[in-house]
Amino acid sequence: MELHIASIGGDGIGPEIITEAKKVLKKVCEKYGHTISYDDILMGGASIDVHGVPLTDETIEIAKKADAVLMGSIGGDTNTSPWYKLEPSLRPEAGLLKLRKALNLFANLRPAVLYPQLAGACPLKEEISARGFDMLIMRELTGGLYFGERHTEEVNGVRTAIDTLTYNEEEIRRVAIKAFDVAMVRNKKVTSVDKANVLDSSRLWRTVVNEVAKDYPEVIVEHMLVDNCAMQLVKDPAQFDVILTENMFGDILSDEASMVTGSIGMLASASMNDTKFGLYEPSHGSAPDIAGKNIANPLATILSAAMMLKYSFGLLEEAKAIETAIYQVLDDGYRTGDIMSEGMKKVSCSEMGDLVSERI
Ligand code: IPM
Ligand code: MG
């Protein structure tokens, strides 16, 4: 198979971790007889430095022509980076939001898994972590507060800021279908999270999710209020399989879910549209404080590459080969600094990429 990828190194540790993901993909392609080519494109701060904007229309066109987009991370230190002196629409994150919208990437899949080898890093009590957990957050990604009308004005001399939260039934239905489809190949449970005791958009959300659920009689569906969900994630994460939620709630809950794994450096993500096209990136940020030091953990990006093989190319065996290689590296005791514990062997970002490649 020929794989044509648009690749975004981005900012901070982004270029380093992307290099390692490409290293592993090269090995996979050699072993399984595929060819892979990249269009390296600029986004975020890296694009601001060259073009003055975080994402150009030409770059969007290149991304659209690719089979999938593989991304490192974007953004800098919000306190010190000059990028954050620019107006909001010109800052690094605006590039990512624009790309999500332009590519119609409405479904964001964020798995949060407790790796048995890393269970010691889990910040939860052992009686909770011992049960293990493996959930996937399906976050709506192109609607809600993120993309609603917003402005700041003076109302009777008082500075007033307005953000609007809108969802229509089609936006809810398409992401709900994705969640139920994923649940069918996982543990057949969907927890839909909303704030239906307060918000109209949440009441519509609940109604539409129940309509979609009728087509999936095998899937258990439950509804949970977002504040309760925030509690349940630390109290009993093992209860979750697929969590389906809107954009803003999903942003917050996915950070919480990744934190309870204790190893955010291990978590991948996929953002999909209605086709097989997707954008794949680690769940973590650009970590500007450790950029350029070759100490970042590339595993989340390598796992994102595995998700890309699975979802965009249907290459299940190849994806499995990457996951298995990572398991072996962890079993063999190799750790980057973020997941280091006593008795383990500390390795650099590039060494970690080598270790995974060797095991493909
Ligand atoms: C994420 C990030 C982004 C978001 C930021 C960088 C705009 O936090 O992918 O979760 O809020 O969606
Ligand atoms: Mg976030």
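Let us look at the sheet that holds strand E12 (residues 278-282). Here 10 strands make up an open sheet; going across it, the order is E2-E1-E3-E12-E11-E4-E5-E10-E8-E9 and the pairing mixed. Unpaired on one side and paired on the other, strand E2 (35-41) and strand E9 (220-225) mark the two borders of the sheet. Looking at each pair of strands side by side, their axes are set apart by 25° on average, direction ignored. As defined by bridge partners, strand E1 (residues 2-10) adjoins strand E3 (residues 68-73) across 5 bridges and the pair is classed as parallel. In the sheet register, isoleucine 5 faces E3, and the bridge partner there is alanine 68. The strands touched by helix H8 (residues 226-235) are strand E5 (134-140), strand E8 (189-194), E9 and strand E10 (242-245); relative to E9, the strand with the most contacts, the crossing angle is about 105°. Contacts between helix H10 (residues 299-313) and the sheet are confined to E1, E3, strand E4 (107-113), strand E11 (268-272) and E12, with E12 contributing the most and set at about 160° to the helix.

Our focus in this paragraph is the pattern of salt bridges. Within the structure shown, the criterion is met by 23 salt bridges. Across the salt bridge formed by aspartate 236 and arginine 131, the nearest N and O atoms sit 2.9 Å from each other. One end of the pair, aspartate 236, is in the loop between H8 and E10; the other, arginine 131, is in the loop between helix H5 (126-129) and E5, and 105 residues separate them in sequence. Aspartate 163 is paired through a salt bridge with arginine 150; the nearest N and O atoms lie 2.8 Å apart. Separated by 13 residues along the polypeptide, aspartate 163 in strand E7 (residues 158-163) and arginine 150 in strand E6 (residues 150-155) bring together distant segments of the chain. One continuous salt-bridge network, built from bridges that share partners, spans Glu20, Lys23 and Asp354.

In the structure shown here, the tally under the stated rule is 3 aromatic pairs. Across the ring face of tyrosine 38, the terminal group of lysine 22 is positioned such that the distance to the ring centre comes to 4.6 Å.

What surrounds ligand 1 is the set Glu93, Arg100, Arg110, Arg139, Tyr146 and Asp251. Tyrosine 146 places a polar side-chain atom, nitrogen or oxygen, 2.5 Å from an oxygen atom of ligand 1. Within the side chain of aspartate 251, one N or O atom sits 2.9 Å away from an oxygen atom of ligand 1. Here the shell around ligand 1 is composed, by residue class, of 1 nonpolar, no polar and 5 charged.

Attention now moves to helix H9 (residues 247-261). Along its 15 residues, H9 runs 21 Å from first to last C-alpha, staying within 8% of the 21 Å computed at 1.5 Å per residue. For H9, the elements touching its buried residues are E4, E5, E8, helix H7 (200-213), H8 and E10. Measuring from the backbone nitrogen of methionine 248 back to the side-chain oxygen at the start of H9 gives 3.0 Å, which picks out glutamate 246 as the cap. Backbone geometry just after H9 places glycine 262 at a positive phi near 80°.

Take the nonpolar core next. Of all hydrophobic cores here, the largest spans 62 residues; its most connected members are Leu70, Leu109, Met138, Leu244, Leu309, Ile322 and Ile326. When residues of this core are assigned to their parent elements, the largest contribution, 9 residues, is made by H10. Discounting chain neighbours no more than four positions away, the residues touching leucine 309 are Leu3, Leu25, Val28, Gly314, Leu315, Glu318, Ala319 and Ile322.

Let's shift gears to the pairing of E4. Most of E4 is tucked away: 7 of the 7 residues are buried. Covered by surrounding structure in E4 are Ala107, Leu109, Pro111 and Val113 together with Asn108, Arg110 and Ala112, the residues of both alternating faces. Strand direction decides the pairing type here: E4 and E5, joined by 7 bridges, are antiparallel. The partner of leucine 109 across the bridge, within E5, is methionine 138.

Time to look at the confidence of the model for the protein. Averaged over all residues, the pLDDT of the protein equals 97, while 100% of them reach at least 70. Taking the mean pLDDT of every element in the protein, the minimum, 93, falls on H5 and the maximum, 99, on E8.

This brings us to the pairing of E6. Sheet analysis places E6 next to E7, joined by 6 bridges and oriented antiparallel. Across the sheet, valine 155 pairs through a bridge with valine 158, a residue of E7.

In protein structure, a disulfide is the covalent linkage between the sulfur atoms of two cysteines. The full count for this structure, using the stated rule, is 0 disulfides. Free cysteine: cysteine 29, not disulfide-bonded; nearest cysteine sulfur from cysteine 349 at 20 Å. Residue cysteine 29 is classed as buried on the basis of its relative accessible area of 5%. Here cysteine 229 stays unpaired: no disulfide links it, and the sulfur of cysteine 122, its closest cysteine neighbor, is 16 Å away. We classify cysteine 229 as buried; its relative accessible area is 0%.

Let us look at the environment of aspartate 251. Relative to the elements of secondary structure, aspartate 251 occurs in helix H9. A relative accessible area of 26% means that aspartate 251 is categorised as partly exposed. Distance in space between the C-alpha atoms of aspartate 251 and threonine 160 is 24 Å, their sequence separation being 91 residues.

What counts and what doesn't
Residues numbered from 1 in each chain as written. Chains lettered and ligands numbered in written order. Predicted model: local features only at pLDDT ≥ 70, side-chain atom pairs only at ≥ 80, totals over all residues. Heavy atoms only, no water. Pairing = 2+ DSSP bridges. Helix = DSSP H or I, 4+ residues; strand = E, 2+ residues; numbered from the N terminus. Axes fitted to C-alpha atoms, helices over the stretch in contact; angles between N-to-C directions. Contact = heavy atoms within 4.5 Å. Salt bridge = Lys/Arg side-chain N within 4 Å of Asp/Glu carboxyl O. Phe/Tyr/Trp six-rings, centres within 6.5 Å; stacked < 30°, edge-to-face > 60°. Lys NZ or Arg CZ within 6 Å of the ring centre and 35° of its normal. Near = heavy atom within 4 Å. Polar contact = N/O pair within 3.5 Å; in protein donor to acceptor, adjacent residues only side chain to side chain. Nonpolar A, V, L, I, M, F, W, Y, C, P; charged D, E, K, R; others polar. Expected span 1.5 Å × (residues − 1). Core = buried A, V, L, I, M, F, W, Y, C linked by side-chain atoms within 4.5 Å. Buried < 20%, exposed > 50% of the residue type's maximum accessible area, 1.4 Å probe, protein only. pLDDT = per-residue confidence, 0-100. Disulfide = S-S within 2.5 Å.

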